[in-house]
Amino acid sequence: MNAKEYLGQAYRLDQHINDRLMQLSQLRALTQRITTACDGEVVSRTRNVHALEDSVIRLMEAEESINEEIDRFVDIKMDISKTIARVRNENYRLILEKRYLCFMTWEQISLDMHYTNRWLRKMHERALDVVDRILLERSGSK
């Protein structure tokens, strides 16, 4: 995997995290809809008298699974952040952070850093070369 593919994962991971958080919110909303009859005799129209308990357990298991998935995504995103932090050139690092962690457009970065779009792209390519070397070093040490 080259530097651009590696760093590009951050956006997709961010989307996955947001999707999973939305799923968690929906699961929590479902658990709030589950109610039990508290006003006297319990009458069950189904054969499963433990339906409420079973539903809550299934929802809790799903929530745990989603949380584990979010944790994996966050770990990968943190690894990307640590890799960018290893870039010594401050301008390169700033470009990479703005592009791959803050998801800024080229125009936004260009305006923010007071660079022409052409110069920014050239610096970005150089920054990617640095990340490629970092990834190569890291894979060689494993």
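Everything that follows concerns the structure shown earlier in this document.
Residues numbered from 1 in each chain as written. Predicted model: local features only at pLDDT ≥ 70, side-chain atom pairs only at ≥ 80, totals over all residues. Heavy atoms only, no water.

Draft legend 1. Quick peek at unusual backbone geometry. Although it is not a glycine, Phe103 adopts a positive phi angle of roughly 60°. In this structure, Phe103 sits in the loop between helix H3 (90-101) and helix H4 (106-113). The backbone of His114 sits at a positive phi, close to 60°, despite the residue not being glycine. As for its placement among the helices and strands, His114 is situated in the loop between H4 and helix H5 (117-141). (Helix = DSSP H or I, 4+ residues; strand = E, 2+ residues; numbered from the N terminus.)

Draft legend 2. Spotlight on H3. Compared with the 16 Å implied by 1.5 Å per residue over 12 residues, the 15 Å span of H3 between its first and last C-alpha is a close match. Three or more residues of H3 are buried, namely Tyr92, Ile95, Leu96, Lys98 and Tyr100. Its side-chain oxygen 2.9 Å from the backbone nitrogen of Asn91, Asn89 forms the N-cap of H3. Once H3 finishes, Phe103 follows within two positions and takes phi at roughly 60°, a positive value. (Expected span 1.5 Å × (residues − 1). Buried < 20%, exposed > 50% of the residue type's maximum accessible area, 1.4 Å probe, protein only. Polar contact = N/O pair within 3.5 Å; in protein donor to acceptor, adjacent residues only side chain to side chain.)

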